[in-house]
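Architecture at a glance
The lines below spell out each chain.
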Amino acid sequence: MCLNVAEFRYLIKELARTIEPEFGSGFGVRQLELCRQFYRTYPIANALRSQFNWFQYRLLIQITNLSKREYYELEAANNSWNGRELERQINSQLYERLLLSNNREAVLAVARKQRIPQSPAEIIKDPTCLEFLGLHREAEYYETDLESSIITHLQMFLLELGNGFSFVARQKRIMLEDDEFFVDLVFYNRILRCFVIIEIKTHKITHEDLGQLQMYVNYYDRFEKMDGETPTVGILLCTAKNDTVVQVTLPEDNKTILASKYELYLPTEEELLNEVKSEVKRFDEEQMEA
């Protein structure tokens, strides 16, 4: 017998009305509907992941896109995300942000451990979401405010950076003859096997910012990088980007200096999808010109 939606909901309500008084609120209408949705999504019991709890599966079954759900399932298992961490990554549209600089097959291949990321662009997200800093909406922030807040919420920042990152230093002092400079944040990525320099700017990107970051990257490549390690990566976190300025300022073969716009508040799914469409359109136009 095939039931329509209205008939099915009626049966669920009747079932809940019958068993909820005896077994408690965990057997209400909403919970029973989730149980049915869970069974339809994961019908094979042996294929379930024992490390996931009910809260995590509730998050996963609400994702209708199969590739997207597989990605979050794999990453949650690979990185031992708890329920709150998985929820945060879904709400920040991690999957969509990675698609801005990678194709779907590449993103899934990394999650399936079928390939290792070959370039910084495959790991670094743009935009970078820093909503966990909990900063109130203000007309402006000082760079030290952002930096201090990142250190306070270092675990969440590492989660946002992605796989393989570890913290090295804050305000790393560099002496060049009689001049001293201070690098905002230094990390190391064991997957790429390189230092990662992060500079924070509370304004739109400028060529001076890129030149400063390039100097820090050069310093680490020449004085800190050891044999067997790959070239240092520099990330410029800024409030707004100008891709043309980035392309003209840096060498044509640049693969190690990246700019990422940061968001202090979570973008909506519509905003991210529009950005994905813009990136795809820009890529198609560049391919036609080539």
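Structure: see above.
Residues numbered from 1 in each chain as written. Predicted model: local features only at pLDDT ≥ 70, side-chain atom pairs only at ≥ 80, totals over all residues. Heavy atoms only, no water.

Of the pairings in the sheet, the one linking strand S1 (residues 128-129) to strand S6 (residues 257-263) comprises two bridges and is parallel in character. Across the sheet, residue Thr128 finds its bridge partner in S6, namely Tyr262. The pairing of strand S5 (residues 233-238) with S6 spans five bridges and is parallel. Directly across from Cys238, in S6, lies its bridge partner Lys261. Considered for its hand, the β-α-β crossover made up of S5, helix H11 (residues 243-249) and S6 is right-handed. (Pairing = 2+ DSSP bridges. Helix = DSSP H or I, 4+ residues; strand = E, 2+ residues; numbered from the N terminus. Right-handed = clockwise from strand over helix to strand, strands pointing away.)

Before going further, it helps to spend a moment on helix H3 (residues 54-61). When we look at burial in H3, the residues that qualify are Gln56, Tyr57, Leu59, Leu60 and Ile61. Between the side-chain oxygen at the start of H3 and the backbone nitrogen of Phe55 there is a gap of 3.2 Å, and the oxygen is on Asn53. (Buried < 20%, exposed > 50% of the residue type's maximum accessible area, 1.4 Å probe, protein only. Polar contact = N/O pair within 3.5 Å; in protein donor to acceptor, adjacent residues only side chain to side chain.)

This brings us to the pairing of strand S3 (residues 179-189). Judged from the 10 bridges that link them, strand S2 (residues 165-176) and S3 form a sheet pairing that is antiparallel. Across the sheet, the residue bridging to Met175 is Glu180, located in S3. Here S2 folds back onto S3 in antiparallel fashion, the turn holding two residues, of which Glu177 has a positive phi close to 60°. Here five bridges tie S3 to strand S4 (residues 194-200), and the two strands are oriented antiparallel to one another. Residue pairing in the sheet places Phe187 in a bridge with Val196 of S4. Between S3 and the antiparallel strand that follows it, S4, lie four residues; Arg193 among them carries a positive phi value of about 60°.

Within this structure, the stated rule accounts for 15 salt bridges. Residue Arg170 is joined to Glu147 by a salt bridge in which the shortest nitrogen-to-oxygen separation is 2.7 Å. One end of the pair, Arg170, is in strand S2; the other, Glu147, is in helix H8 (residues 143-152), with 23 residues separating them in the sequence. What makes Arg170 partly exposed here is its relative accessible area of 38%. Here the salt bridges do not stand alone but share partners, grouping Arg88, Arg97, Glu131 and Glu160 into one network. (Salt bridge = Lys/Arg side-chain N within 4 Å of Asp/Glu carboxyl O.)

By way of backbone hydrogen bonds, the strands of a sheet pair with one another, either parallel or antiparallel. Spatially, the six strands line up as an open sheet ordered S1-S6-S5-S4-S3-S2, and their pairing is mixed. A single partner strand is all that each edge strand has here, and the edge strands are S1 and S2. Across the sheet, helix H10 (residues 207-224) is in contact with S2, S3, S4, S5 and S6; its angle to S4 comes to roughly 155°. (Contact = heavy atoms within 4.5 Å. Axes fitted to C-alpha atoms, helices over the stretch in contact; angles between N-to-C directions.)

So, about helix H9 (residues 154-161). Regarding H9, the residues found buried are Leu154, Phe157, Leu159, Glu160 and Leu161. Count one or two residues on from H9 and you reach Gly162, which has phi positive near 115°.

Relative to the elements of secondary structure, Ser260 occurs in strand S6. For Ser260, a relative accessible area of 1% puts it in the buried group. Of the polar contacts made by the side chain of Ser260, one reaches the backbone oxygen of Lys125; its length is 2.8 Å. Those residues within four positions of Ser260 in sequence are excluded, and the remaining contacts are Lys125, Asp126, Pro127, Thr128, Ile235, Leu236, Leu237, Cys238 and Lys241.

Mapped onto the secondary structure, Arg97 falls in helix H6 (residues 94-99). The exposure class of Arg97 is buried, given its relative accessible area of 0%. Distance in space between the C-alpha atoms of Arg97 and Pro127 is 6.8 Å, their sequence separation being 30 residues. At 3.0 Å, the side chain of Arg97 and the backbone oxygen of Ser92 are in polar contact.

No statement about biological role is implied by the geometric values presented.
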